[in-house]
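The primary structure of each chain is shown beneath.
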Amino acid sequence: AAGVIQSPRHLIKEKRETATLKCYPIPRHDTVYWYQQGPGQDPQFLISFYEKMQSDKGSIPDRFSAQQFSDYHSELNMSSLELGDSALYFCASSVSGGSNTGELFFGEGSRLTVL
Amino acid sequence: AQSVTQLDSHVSVSEGTPVLLRCNYSSSYSPSLFWYVQHPNKGLQLLLKYTSAATLVKGINGFEAEFTKSETSFHLTIPSAHMSDAAEYFCVVSDQRGNKLTFGGGTRVLVKP
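The structure reproduced in this document is the subject of the present report. (Residues numbered from 1 in each chain as written. Chains lettered and ligands numbered in written order. Predicted model: local features only at pLDDT ≥ 70, side-chain atom pairs only at ≥ 80, totals over all residues. Heavy atoms only, no water.)

1. Observations concerning the nonpolar core
Note the threshold: Definition used in this section: a nonpolar core is a set of buried Ala, Val, Leu, Ile, Met, Phe, Trp, Tyr and Cys residues joined via side-chain atoms within 4.5 Å. To sort residues, take the accessible area from a 1.4 Å probe on protein chains only and compare it with the maximum for the residue type: under 20% means buried, over 50% means exposed, and anything in between is partly exposed. What counts as a helix is a DSSP run of H or I of at least four residues, what counts as a strand is a run of E of at least two, and both are numbered from the N terminus. When checking whether two residues touch, look at their non-hydrogen atoms; a contact exists if any pair is within 4.5 Å.
Of all hydrophobic cores here, the largest spans 27 residues; its most connected members are Leu21(B), Trp35(B), Leu47(B), Leu48(B), Phe74(B), Leu76(B) and Tyr89(B). The element contributing the most residues to this core is strand S10 (residues 87–94) of chain B, with four residues. Ignoring any residue separated from it by four or fewer positions in sequence, one finds Leu47(B) in contact with Trp35(B), Tyr36(B), Val37(B), Gly59(B), Ile60(B), Phe63(B), Leu76(B) and Tyr89(B). Of all hydrophobic cores here, the second largest spans 22 residues; its members include Val32(A), Leu46(A), Met78(A) and Leu112(A).

Given below as structure tokens:
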């Protein structure tokens, strides 16, 4: 079965540079979520989108922005990168409502290293 | 608001023995609760979920978890640990709309031969 696809899997950037992460949800999933997992930390919710509109916002820095496109894929844009942005960034998708409410399917993550 | 506390950050067991991973939650509404597993350098895989049906929830690979409302707990049991079960396990609660997950701090399971 198709899963959530994230790219790139690994990314190395310098401080103050910009990075873009992409996420392709499972077909027919209409909701996308972004989570950040720092070294040795549990995942923290950043932002989510439902039907291309932002549906919820967590601890996402102002330097970060995200959007969901007409084909439901999502991109997380990170500017003015800081050392503390080094983390594993997960994308997850789900279908809204019904018996799957709250059940998210995660990608394998994009590991960002800021030097 | 909701929160999750996993009572053990590390658990070490011998292969073939059962494992209990403890989780307590706090929520102002009837929560949906989940257990996810994360193998090294891998994504998060859903093991099982509780959504106000049976209090004993069975998941993949024989894993099961028991929801106890009076104790606000959702403990996970691995009946017989295998080497492949060595991973980090997260107890998770979702918000009322199911949009946002709050993770516990994780429990790292080490399985000894």
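2. Digging into the state of the cysteines
All names here are of chain B. Selection criterion: Only a pair of cysteine sulfur atoms within 2.5 Å counts as a disulfide in this structure description.
Under the defined criterion, the tally for this structure stands at two disulfides over all chains. What pairs with Cys23 in a disulfide is Cys91, and their sulfur atoms sit 2.0 Å apart. The chirality of the disulfide connecting Cys23 with Cys91 is left-handed, given an S-S dihedral of about -65°. On the criterion of sequence distance, the pair formed by Cys23 in strand S4 (residues 23–26) and Cys91 in strand S10 is long-range, its members being 68 residues apart. Judged by its relative accessible area of 0%, Cys91 falls in the buried class.

3. Details of the pattern of salt bridges
All names here are of chain A. Which entries qualify depends on this criterion: A carboxyl oxygen of Asp or Glu within 4 Å of a side-chain nitrogen of Lys or Arg is what we treat as a salt bridge.
Under the defined criterion, the tally for this structure stands at eight salt bridges over all chains. The closest approach of N and O atoms between Arg9 and Glu108, which form a salt bridge, is 3.3 Å. Of this pair, Arg9 sits in the loop between strand S1 (5–7) and strand S2 (10–13) while Glu108 is found in the loop between strand S10 (105–106) and strand S11 (110–114), placing the two residues 99 residues apart along the sequence. According to the relative accessible area criterion, Arg9 is partly exposed, its value standing at 35%. For Glu82, the salt bridge identified is with Arg63, shortest N-O distance 3.4 Å.

4. Some details on the packing of aromatic side chains
Each pair of aromatic rings is reported with the distance of its centres and the angle of its planes. Heads up, the rule is: Centre distance within 6.5 Å is the pairing criterion for rings of Phe, Tyr and Trp, where only the six-membered ring of Trp is used; planes under 30 degrees apart are then read as stacked, over 60 as edge-to-face, and the remainder as tilted.
Under the defined criterion, the tally for this structure stands at 14 aromatic pairs over all chains. Between Tyr35(A) and Phe45(A) the ring centres are 5.5 Å apart and the planes differ by 65°, which places this aromatic pair in the edge-to-face class. Here the residue Tyr35(A) occupies a position in strand S4 (residues 31–37), and Phe45(A) occupies one in strand S5 (residues 44–50), the gap between them amounting to ten residues. Among the residues examined, Tyr35(A) registers a relative accessible area of 0% and is labelled buried. Seen in terms of ring centroids, Tyr25(B) and Phe67(B) are 5.9 Å apart; in terms of plane orientation they differ by 25°. Their pairing is stacked. Here Phe67(B) lies in strand S8 (residues 64–68) and Tyr25(B) lies in strand S4, a separation of 42 residues in the sequence. We note that Tyr25(B), like Phe67(B), is buried. Within the aromatic cluster, the residues linked to one another by ring pairs are Tyr35(A), Phe45(A), Phe90(A), Phe106(A), Phe34(B), Tyr36(B), Phe90(B) and Phe103(B).

5. Section: the interface of chain B and chain A
Rules: What gets called buried area is simply the loss in accessible area from a 1.4 Å probe that two parts show on being joined, summed for both. The nonpolar class holds Ala, Val, Leu, Ile, Met, Phe, Trp, Tyr, Cys and Pro. Asp, Glu, Lys and Arg form the charged class, and all remaining residues, Gly among them, are polar.
On the side of chain A, 23 residues touch chain B, which itself brings 20 residues to the contact. Taking both sides of the interface into account, the surface hidden between chain B and chain A amounts to around 1,700 Å²; carbon and sulfur atoms contribute 49%. Between chain B and chain A we count zero salt bridges in total. Breaking the side of chain B that touches chain A down by element, the ones donating at least two residues are strand S5 (32–38), strand S6 (44–50), S10 and strand S11 (101–103) of chain B. Among the residues forming the side of chain B that touches chain A, the class breakdown is seven nonpolar, eight polar and five charged.

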